[in-house]
Amino acid sequence: MDSKKAIIAGILVLLALWLLYPSRQIKKINDPNVVEIVYMGPGGPLSGALADVIREFEVRSEQEHAKDPKKPIYRVISGQNASRDQTADPTRFLVSVAGNSSPDVIQFDRYAVAEWAARGGFEPLDDYLARDRSAGIDAPQREKFYKPTWDEAMYGGKSYGIPISVDDRVLMYNKDSFRRAGLVDANGVPTPPKTWEQTRDYLRKLTIIQDNNTGQQMTLEKYFDGLPPGAPKRLNTKAYKLVNVGFIPMYGNSWLYIFGWMNGGEFMSADGRTVTLNDPKIVSALIWLKEIYDELGGYSGVKAFEAGFQGNALDPFITGKVAMKIDGYWQINTLGQFARNVDFGTAPPPLPQATIDAGTEKLSWIGGWTYSIPATAKNKEAAWELIRYLTSKDAIGMRIEAERQFAQAEGRFYFPEQSPQKEINVWQYQKYVYDDPTIDAKYKEAIRTYNDLLPYSRYRPITPIGQQLWNYHITAAEESLDGTKPPKVATDDANRVLQIQLDRFFSPSNGIVIRSWTWFFVMYAIIAVILGSLAFFWDTSLSMRRRVARLLGLSAKTGDSIIEGAAGGFTRSQWFGGYVTITPWLIGFLVFTGGPMLFSLVISFCRWDILSNPVVTGFENYRLMWDDQKVWKSLGNTLFMILSVPLGIVLSLAIALLLNQGTKLLAGWRTIFYLPSIVPVVATSLLFVWIFNPQEGGLLAGIIDTFSFHHLQSPKWLQDPSWAKTSLILMGLWGAGGGMILWLAGLKGIPQSLYEAASVDGASTIQQFFNITIPQLTPYIFFNFIMGTIGTLKVFDQAFLMTQGGPQDATLFYVYHLFNNAFRYGQMGYASAMAWLLFAITLVLTAVQMRLSRRWVHYDTA
Amino acid sequence: MKRTPLHQLLVYFLLLLGAVVFTFPFIWMVSSSMKVDREMFTEDLKVLPNTPRPMARSPYVDDAYFSSLKPGAIGVDVLQPELEKLVEASGFPIPEDVDRAVARREIARGLYQRLGARISGEIWNGTSDKPASAAAIIEAARTVVDQELVRQTFVQIYRFAAVASVRIRDQGINLFDLAADETPANRWTLQGSARSTLTDFNDQGKPAAKLSYDFASGPDIRLVGDFQAPADVSQMKSVRIDIHPDDTWHNITLTLEHSGRKFVSERQNFLSNFDWATYTWQHASDDDKSTKLRQWIVLNDAGPSDVTDPKQIRMTLDIHRVNQAYAWANKVKNNYIRTAEQIPFWRYVRVSVFLVLANVVLTVISCSFVAYGFSRIVFPGRDLLFLVLLATMMIPSQVTMIPSFLIWKSLGAYDTLTPLWFGAAFGSAFFVFMLRQFMMGIPRDLEDAARIDGCGFLRIYWHVILPLIKPSLAAIAVMTFIGVWQDFMGPLIYIADQRLYSLSFGLYAFSVQVSNNPALTMAGSVLMTLPIIIIFFLAQRYFIQGITLTGMKG
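These figures come from a predicted structure and were not determined experimentally.

(A) Focus on the overall build of chain B. Counting its secondary structure elements, chain B contains 18 helices and 16 strands. By the compact-globule yardstick of 24 Å for 554 residues, chain B is too spread out, its C-alpha radius of gyration being 33 Å. Along the longest, intermediate and shortest principal axes, the C-alpha atoms of chain B span 100 × 80 × 45 Å. Across the 554 residues of chain B, 46% fall into the buried class. Here the contacts in chain B between residues at least 6 apart in sequence split such that 77% fall between residues at least 24 apart.

Structural data, given as structure tokens:
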């Protein structure tokens, strides 16, 4: 290397770095009058409407301060997070709480508030409320809110969040479809179904199917009439396909929760100590749902039909593909934007006749967000000031006005969000909807239906295992509807797991609570010293190596043949050179990597929810893992994905071989094949939805249709549990270009003389490939195998970004399950135990590969 | 190996085939980035964006809107004449400012699409014993098609330009309607070379002034409005005008005059899309430098003006005709401008470039140094340490995230860029392993020769090893570049201050905020990908060469 050039280059780089280093325009404020409030909300930094409101809050505090210098000036710091939301990805929130840098005010998904409040993550707000009430300050008090919205954020009798938004669900129906099917009253006005029994009848009249051979269309009712008597009422999906569907129970935003409640079921006992997912009422609701799906030809078929659905203007409800659905309030914006010409109506969701007879007239369910104060917040008083302001009518009015302007700047109708505060809800709709002559009557009617149902709404059970209950209730529903398990068995299975988790929460196993971590650093140092000396003796003492080899039954040769110079000790330059060169890595390991690894090992023997101190529980986590079916299922899924490693190697090698044929414009071709591995996932996820759409519009489905025999049906790709992983592998192969680079290099490195010699001996191209090319490439194949395996065992992104582990846990990968446990279920200890099991598996697989490599990897350098 | 023409043909065929498959995601991303939201959600998804149509006359009827109809049992051509008669019979008054024959034809096509959903399937598709017939369908259509349905269909294809309310905003959050007591058309006077008229009308309940124009007589339209504000306007912040664009992609700019100064818009806006929208122009202010989503166009001072009355405001809206090529250019750049403008794009780029440079330099130095030790020097504990190095790659980062965070925080590095680059000084296990494999292939003789000449290990590293692996370091540099450029988990965890966001993270945050507009996300993704492609294209020669040389074979 030219040292002068290197020095100049170094100076230039340093200069560039110095120039580039981003300065902050605003310095940290050291004014004692200024109190900083850290705000964390979903969807990125503060902007638009909320930013205006916050600015107003700051200005007002300045004015107050001018009047009374004892009052502080508030500054709201935002931009804390840009994860999708705290429930889907609470990583950012939990890390900041654990790191004692938690926000002061957080916008949190309401149903998850109880889960983290139960673990001490949030500050109870009752004292603040009581104080404001006795002082006569206008504050967000419970009686101002719709009861379900407030109660959802309560745990153990205390309030942990002030509701800021709410959305309930109604039945939406397409009046055109109803007219077409003759579902009208005497005056020709379409009538929505009121009962489950009616719904089923409507479904048959509204569903239109098409004969695959003749192209004839008819209603499902007519098809059933044509069946021989006694035949099961189930659509034959081989001969017919769905064109329009009257009602898909789980499409829209209606989960088993709402159907269970409709049928009079409860998911938790009143005292919150018993999980009742297998309540007979819930099981019978599941049976009813399954019957509906079966009439339509089965759950997976309907799912595949749904996969063709798109959003916005192509929303299946807007295009008439789905005549009825139960969906949430936010749909009103889609309808406002794209359904101005669609005649639709809304009604309370239909109930079973028995429930109506028992006195329940209507029912819906809600979700929404709250403002909460994390227990570790630094400025709780200031945080409460901000919350009180943000939930005041002034602030909400301002926000609504700003949102309206923003919506209209984009040319959209503006419908305010439903407000959990009764008075504000009435006021805002009067002003912005009912009194606005430009808004069509059907929207006003729909908004009325939504608002009328608010007091009748249910919410997800308040329990420390809320997220698990949610996930398992989906699994149980999917298993039942798909016929994998009978509804009773599926709910029993899920119930058992959940009950164990709940019992563990309420009566945790005893153990030592870890409060101080001094011993950890001592232990870390001791372990480092012990490992270091062991390695030293192993490498410097031949007799010890022989003894160990004998002990382990290895051949004496293994003991001897480690490295040169071992027997006679090492030269000073070897000692010095070796340790100087690896020092950067060694320091990095000791300071930044080793500690966290050892920490996770220690934590794997503890129960730890991140928010409180860990409790030592010995091998409990490992024992629980043994019983956790999802661990083994996810491990199986992950091991299946290892298939992608050889496939990727073959494909990328094939590309490299193609490019190695003396191709012109090599740089261009290489770049082209490399492209897919650098396109960001945000951009490709939309594309893959289209590619894997199993309906006519889908790209792959279309290709298969064109090139194959008529009766060969396209698989349902990501919708089908047995194809989902394969689809992901196919997706991954797109990135094979990334691996191609290594092969090209390897191919370039094979001496041409070898081929020439082989040609002289009369070897064919194929013989040359297998006897020269492949053996010469083995070091690269080896590297790819090792890194591919390690990488695949940690596969996570696809499940996290695209499939969320579905369908039916088919893409529940090990690390995704681990992530769920760590950050969504509050079981970091368990997650760590899982990590170390994975570590052991990876280590074994790598060791086996290393051992086997001696037989087939060909190093030709001495 | 043999190189017959047939062989070559086959190679190029396969390469082309592969190229089609492999460039597809990229092409899709680029073309989507030029679409308007509407085109992202259509029944027949096309790869290329629709052609913009810079009409010379407006209002007009969009005859491309119903160009691809889903065919029923009886085709649209058969039914068209009868449907046109139904349109006529419905009594719906088609406005005089459009070509009525075209309007009738297009309404008929639109009706065809809607009838498929309105008429019962037995009639529309026919049954086995009674096949579909045009007569039966028209018979059924007669009961469905009324004036309201025709009106709804016409609204979908009627394109017009219009202006409605004009508002200004003060430094706070107060908005003032200007000339609220005037009708929308009376607020403006028309100038400019093109023939144009403003007429008051009511668009679905909204009072507005429709702008009819014909560019045959000239390329410019100018609307001048003189307004009296309720208060002193020297401190006003922004202007908001409700505009209904006519989807022609013509340019529109605002010139604002008040308090004796004249202000012109920093860039043009376009008459794109066909929904009411509020166009906002804002004086240069601190907002421009903030991290707010920027949904306004900046007004720059352009000298003195004769409007000096403290309450008087003059606005001049200039619409300038574009030709087909410019319309395309407008459409292509539209989403890019919006993306780069709405976020502090260059600030993010600067952070990203800093991180990339620091990471690349440190990674290359540290990894080559460490790999040298692991591959070329025999020292006690080497194999165990190497195993440890491999093992660090086997623990999922999810469980070490919190302790790592605690370490960085205790070092005072939370909410600084340090955790995102300083770690590179300690090498990365993956690259050390990779480089070690390459260095293992270098023949001993070279090193021995140097040693005989009296070189220590440092000089061997500098003078023998580095030159040999220099090109493969280029490979690592490129891979580090890509990794750091795209990383967003690091900033998510360690950065709280938006001013320190990197480009990937900033764009991610942006895409979450505009999730209803995927085209903007695509534009952002393209902006992020382009530098990588260029770097890869330029560096890949070294990249390949590098690994080859280290093999030292042949």
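(B) Region of interest: the overall build of chain A. Within chain A one finds 38 helices and 17 strands. Looking at the 862 residues of chain A, the share that counts as buried comes to 46%.

(C) Representation of the sheet that holds strand 11 (residues 322-328) of chain A within the structure. Residue and element names in this part refer to chain A. The sheet built from six strands is open, its strands ordered 9-8-10-11-7-12 with mixed pairing. Single-partner strands in this sheet number two, and they are strand 9 (217-219) and strand 12 (344-347). With direction set aside, neighbouring strand axes in the sheet form an average angle of 25°. For strand 8 (residues 208-211) and strand 9, the ladder comprises three bridges, and the chain directions are antiparallel. In the sheet register, I208 faces strand 9, and the bridge partner there is T219.

(D) Spotlight on unusual backbone geometry. With an omega dihedral of 0°, the bond running from B:S58 to B:P59 counts as a cis peptide bond. Inspection of the secondary structure puts B:P59 in the loop between strand 1 (57-58) and strand 2 (60-61). For A:Q804, which is not glycine, the phi dihedral falls at a positive 50°. Classification of A:Q804 as partly exposed rests on a count of 15 C-beta atoms within 10 Å. Positive phi, close to 60°, is recorded for A:D809, a residue that is not glycine. Along the chain, A:D809 turns up in the loop between helix 36 (797-803) and helix 37 (814-824).

(E) Spotlight on the confidence of the model for chain B. All names here are of chain B. Overall, the predicted model of chain B reaches an average pLDDT of 85, with 95% of residues at or above 70. Here residues 546-554 is modelled with pLDDT under 50, and outside its nearest four sequence neighbours on either side it reaches 32 contacts, counting other chains as well. Across the interfaces of the predicted complex, the ipTM metric reaches 0.84, alongside a pTM of 0.86.

(F) Structural context of the interface of chain A and chain B. On the chain B side, the residues contacting the 135 residues of chain A number 133 residues. With 20 residues, helix 25 (residues 572-603) of chain A is the largest single contributor of residues to the side of chain A that touches chain B. Here the side of chain A that touches chain B is built from residues that sort into 73 nonpolar, 48 polar and 14 charged.

(G) Main features of the sheet that holds strand 3 (residues 105-109) of chain A. Residues and elements named next belong to chain A. Taken in spatial order, the five strands of this open sheet run 2-1-3-14-6, and their pairing is mixed. Two strands bound the open sheet, and with one partner strand each, they are strand 2 (73-77) and strand 6 (162-163). Here strand 1 (residues 34-40) runs beside strand 3; their pairing, made up of two bridges, is parallel. Within strand 3, the position partnered with Y39 by the bridge is V105. Packing against the sheet, helix 4 (residues 110-117) makes contact with strand 3, strand 6 and strand 14 (369-372), and its axis sits at approximately 110° to strand 3.

(H) Structural detail: the packing of helix 14 (residues 444-452) of chain B against helix 15 (residues 457-486) of chain B. Residue and element names in this part refer to chain B. Running from N to C, helix 14 and helix 15 point in directions that differ by 135°, and their axes come no closer than 10 Å. The angle between helix 14 and helix 15 places the two elements in the oblique class. The way helix 14 lies across helix 15 gives a crossing that is right-handed. Mapping the contact onto sequence places L446, E447, A450 and R451 in helix 14 and I460, H463 and V464 in helix 15.

(I) Up close: helix 11 (residues 280-295) of chain A. Over its 16 residues, helix 11 of chain A extends 23 Å from the first C-alpha to the last, a length consistent with the 22 Å expected when each residue adds 1.5 Å. Taken together, the buried positions of helix 11 of chain A are A:I282, A:V283, A:A285, A:L286, A:L289, A:K290, A:I292, A:Y293 and A:E295.

(J) Quick peek at the nonpolar core. One finds A:I37 and B:V432 to be the most contacted residues of the largest nonpolar core, which totals 283 residues. Ranked by residues supplied to this core, first place goes to helix 9 (residues 345-376) of chain B with 15 residues. Setting aside its immediate chain neighbours within four residues, A:I37 contacts A:Y74, A:V76, A:I77, A:D104, A:V105, A:N379, A:A382, A:A383 and A:L386.

(K) Region of interest: the environment of A:F57. Residue and element names in this part refer to chain A. Mapped onto the fold, F57 is located in helix 2 (residues 48-67). Judged by the 21 C-beta atoms lying within 10 Å of it, F57 falls in the buried class. Spatially, the C-alpha atom of F57 lies 9.7 Å from that of I73, the residues being 16 residues apart in sequence. F57 has contacts with Y74, V76, L386 and Y389, leaving out every residue within four places of it along the chain.

(L) Seen up close, the pairing of strand 11 (residues 251-258) of chain B. All names here are of chain B. Of the pairings in the sheet, the one linking strand 11 to strand 13 (residues 269-270) comprises two bridges and is antiparallel in character. Looking across to strand 13, one finds that I252 is bridged to N269. In the sheet, strand 11 pairs with strand 16 (residues 312-320) via eight bridges, with the strands oriented antiparallel. Along strand 16, the bridge assignment pairs T255 with T316. Taking the residues between adjacent antiparallel strands as the criterion, strand 11 and strand 12 (residues 261-265) are bridged by two residues, where S259 takes a positive phi near 50°.

(M) Molecular detail of the pairing of strand 8 (residues 206-214) of chain B. Residue and element names in this part refer to chain B. Sheet analysis places strand 1 next to strand 8, joined by two bridges and oriented antiparallel. Across the sheet, the residue bridging to R57 is D214, located in strand 8. Note: strand 4 (residues 161-169) against strand 8, three bridges, orientation antiparallel. If you follow A162 over to strand 8, its bridge partner there is K210. Looking at chain direction, strand 7 (residues 195-203) and strand 8 are connected through nine bridges and run antiparallel. Its bridge partner being in strand 8, T197 is matched across the sheet by S212.

(N) Structural context of helix 32 (residues 721-733) of chain A. Listed as buried for helix 32 of chain A are A:A724, A:K725, A:S727, A:L728 and A:M731. Buried positions in helix 32 of chain A, seen along its axis, are confined to an arc of 155° and lie on one side of it.

(O) Region of the structure containing the confidence of the model for chain A. Residues and elements named next belong to chain A. For chain A, the mean per-residue pLDDT works out to 85, and 92% of the residues sit at or above 70. In the model of chain A, helix 24 (residues 556-560) stands out as the element of lowest mean pLDDT, 50, in contrast to strand 6, which has the highest, 96. Taken as a whole, residues 559-568 scores under 50 in pLDDT and shows 13 contacts with residues more than four places along the chain or in a different chain.

(P) Just the environment of A:L453, in detail. Residue and element names in this part refer to chain A. With respect to the helices, strands and loops of the structure, L453 is situated in helix 19 (residues 441-453). Owing to 22 C-beta atoms within 10 Å, L453 belongs among the buried residues under this scheme. Between the C-alpha atom of L453 and that of G215, which follows or precedes it by 238 residues, the distance is 42 Å. Excluding residues that lie within four positions of it along the chain, L453 makes contacts with D168, V170, P348, K362 and S364.

About the criteria used
Residues numbered from 1 in each chain as written. Chains lettered and ligands numbered in written order. Predicted model: local features only at pLDDT ≥ 70, side-chain atom pairs only at ≥ 80, totals over all residues. Helix = DSSP H or I, 4+ residues; strand = E, 2+ residues; numbered from the N terminus. Rg over C-alpha atoms; globule rule 2.2 N^0.38 Å. Buried ≥ 20, exposed ≤ 12 C-beta atoms within 10 Å, placed from the backbone. Contact = placed C-beta atoms within 7 Å. Pairing = 2+ DSSP bridges. Axes fitted to C-alpha atoms, helices over the stretch in contact; angles between N-to-C directions. pLDDT = per-residue confidence, 0-100. Nonpolar A, V, L, I, M, F, W, Y, C, P; charged D, E, K, R; others polar. Parallel < 35°, antiparallel > 145°, perpendicular 65-115°, else oblique. Left-handed = near helix turned anticlockwise from the far one by under 90°. Expected span 1.5 Å × (residues − 1). Core = buried A, V, L, I, M, F, W, Y, C linked by C-beta atoms within 7 Å. Arc of directions from axis to C-beta.

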